[in-house]
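Structural overview for review
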Amino acid sequence: MKGYEPRSSSSCAACKFLKRRCIPNCIFAPYFRADECKKFAKVHKVFGASNVSKILIEVPEEQREETVNSLAYEADARLRDPVYGCIGAIALLQRKMIELQHDLAIAKDRLARCAAAAAATHSSSSFSNDMSNSNVSLPPFPEFYSCSDFNDNFSHSSSSQLFSRNETGDDFLQIPYIF
């Protein structure tokens, strides 16, 4: 019973909430101190006082504090999400973990491609010093229009005129490549 404080004449939170006199061997007293009324109220609302007392009686005394903390956590989660409780929070975290693992795999793949491209560039630069001194030119950055410009252009011109802005005919040179 870690954290158990001998009581003076005050009742525990459970007995205060239930409006009864707290007896010296109260099962709730070591786990619901007098200043933890909200904690017991949540547990009571979800599980009920008699069910909590039955659970505490069945659990070995050295595990009761963890049991009460678990019941309080589940009660809090159940009050926030009545349908799924803490399982909803677990599912949300698992989904987020899968998304992050996917993002990590993509990042690792892109990093491997960059490293391979850098290695290829490095090996080809050792054959020719001419390449290292040349300037690299990027394709022109595409023009972006606001929604109002797009709507004005769309309403005043045909779609073939609107989408034929690229004179070179090579659309892929206009799109910036981001790994």
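That block above? That's the structure.
As a starting point, this report considers the structure included with it. Quick caveat: nothing in here was measured; it's all calculated off a predicted structure.

Parameters at a glance
Residue positions are given per chain, counted from 1 along the sequence in the order it is written. Local features are withheld for residues below a pLDDT of 70 in this predicted model, meaning they are given only at 70 or higher, and side-chain atom pairs are given and counted only at 80 or more; totals for whole chains, interfaces and linings count all residues. The side-chain values count all of the structure's non-hydrogen atoms but skip hydrogen atoms and water molecules. Side-chain atoms within 4.5 Å link the members of a nonpolar core, which is a set of buried Ala, Val, Leu, Ile, Met, Phe, Trp, Tyr and Cys residues. Only protein chains enter the accessibility calculation, which uses a 1.4 Å probe. A residue is then buried if its area is under 20% of the maximum for its type, exposed if over 50%, and partly exposed in between. A helix here means a DSSP run of H or I that spans at least four residues, while a strand means a run of E at least two residues long, and both kinds are numbered starting from the N terminus. Contact definition: two residues touch when any of their heavy atoms are within 4.5 Å. Aromatic pairs are defined between Phe, Tyr and Trp rings, using the six-membered ring for Trp, whenever the two ring centres lie within 6.5 Å; interplanar angles under 30 degrees are classed as stacked, those over 60 as edge-to-face, and all others as tilted.

Moving on, we get to the nonpolar core. Cys12, Cys26, Phe28, Phe32, Phe40 and Val43 are the most contacted members of the largest nonpolar core, which totals 19 residues. At the level of elements, helix H1 (13-18), helix H2 (37-47), helix H3 (49-58) and helix H4 (64-80) are the ones that each hand at least two residues to this core. With four residues, H4 is the largest single contributor of residues to this core. When near neighbours in sequence (up to four residues on either side) are disregarded, Phe32 contacts Cys12, Ala13, Ala14, Lys39, Phe40, Val43 and Val68.

For any two aromatic rings, the description comes down to two numbers: the centre-to-centre distance and the angle of the planes. A full pass over the atoms with the stated rule returns four aromatic pairs. Seen in terms of ring centroids, Phe17 and Phe40 are 5.7 Å apart; in terms of plane orientation they differ by 70°. Their pairing is edge-to-face. Taken together, the residues Phe17 in helix H1 and Phe40 in helix H2 connect sequence positions 23 residues apart. By relative accessible area, Phe40 is classed as buried at 0%. Each residue in the set Phe17, Phe28, Phe32 and Phe40 is aromatic and connected to the rest through ring pairs, giving one cluster.

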